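# An overview of the molecular structure
Listed here are the chains, written in short residue letters.
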Amino acid sequence: MIDALEPGWRAVFEPVLATDYSTALNDFLGRKKREGVELLPPEPDWFNAFRLTPLESVRVVILGQDPYPTPGHAHGLCFSVRRDVSPLPRSLINIYRELADDLGIVNRLGDLSGWARQGVLLLNTVLTVDAGQAASHRGKGWEPFTRSAIEAVNAADSPVAFILWGNDARKRGEFLDRKRHLVLESAHPSPLSARRGFFGSRPFSRTNAFLESRGLAGIDWRV
């Protein structure tokens, strides 16, 4: 699964591949395929977050939960959808609303690959899902992979901005080194919670201010 990744990420994931978690995950995904279940995103996109953002390039981490379960939407980057998707998912609409309020940037396409290529690791804690069944692959073995990725970024020498939206993401960031890194926490951008602290949190300008204060270039949040 990791052969196409650059050496930094391969070194992070190789120890996980030797664990029972990896065996259980492979067995689970293999059974799903044999049963004819449609897995999202398509298999070539499972590791897109790592493919587009090499470990040594990570400047920002945005942590999501599961891929979108709607066929044609997910492509391996949290909150992102393919360029031809319309209308956009409601969480992404709220993210763009906050971006417009924060920096005056108006995005209309949902593909966030441009963010990823600038060093924004758009990571879901679970990398696959059954079509139409949200959260259907939680606890099946992806979490050790993604935790190892977060731990590797946390251990890096360069300062990183971690953006944690919602309780699930916040729990997974409890071990982060907040003396070296910026950790921004708020409600999830879902329509169910965005008004409880996501709107007005200004994560985009605060992230750029942090990076620039450390001598790093800010992110161009336009897509």
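The shown structure was predicted, so the numbers you read here are calculated from the model rather than taken from an experiment.

## As for helix 8 (residues 203–213)
- Every buried residue belonging to helix 8 is among P203, F204, S205, T207, N208, F210 and L211, and all of these are buried.
- Where helix 8 is buried, its residues meet strand 2 (60–64), helix 4 (90–103), helix 5 (113–117), strand 5 (161–165) and strand 6 (182–186).
- Immediately beyond the C-terminal end of helix 8, within one or two residues, lies G215, with a positive phi of roughly 80°.

## Thoughts on the sheet that holds strand 5
- Here four strands make up an open sheet; going across it, the order is 3-2-5-6 and the pairing parallel. Of all the strands in the sheet, the pair left with one neighbour each is strand 3 (120–124) and strand 6. Averaged over all pairs of adjacent strands, the angle between strand axes in this sheet comes to 15°, irrespective of strand direction.
- One ladder, built from five bridges, connects strand 5 with strand 6; its direction is parallel. Residue pairing for strand 6: W165 is matched across the bridge by S186.
- Contacts from helix 6 (residues 142–155) reach strand 2, strand 3 and strand 5 within the one sheet, and its direction differs from that of strand 3 by about 155°.

Conventions adopted
Residues numbered from 1 in each chain as written. Predicted model: local features only at pLDDT ≥ 70, side-chain atom pairs only at ≥ 80, totals over all residues. Heavy atoms only, no water. Buried < 20%, exposed > 50% of the residue type's maximum accessible area, 1.4 Å probe, protein only. Helix = DSSP H or I, 4+ residues; strand = E, 2+ residues; numbered from the N terminus. Contact = heavy atoms within 4.5 Å. Pairing = 2+ DSSP bridges. Axes fitted to C-alpha atoms, helices over the stretch in contact; angles between N-to-C directions.

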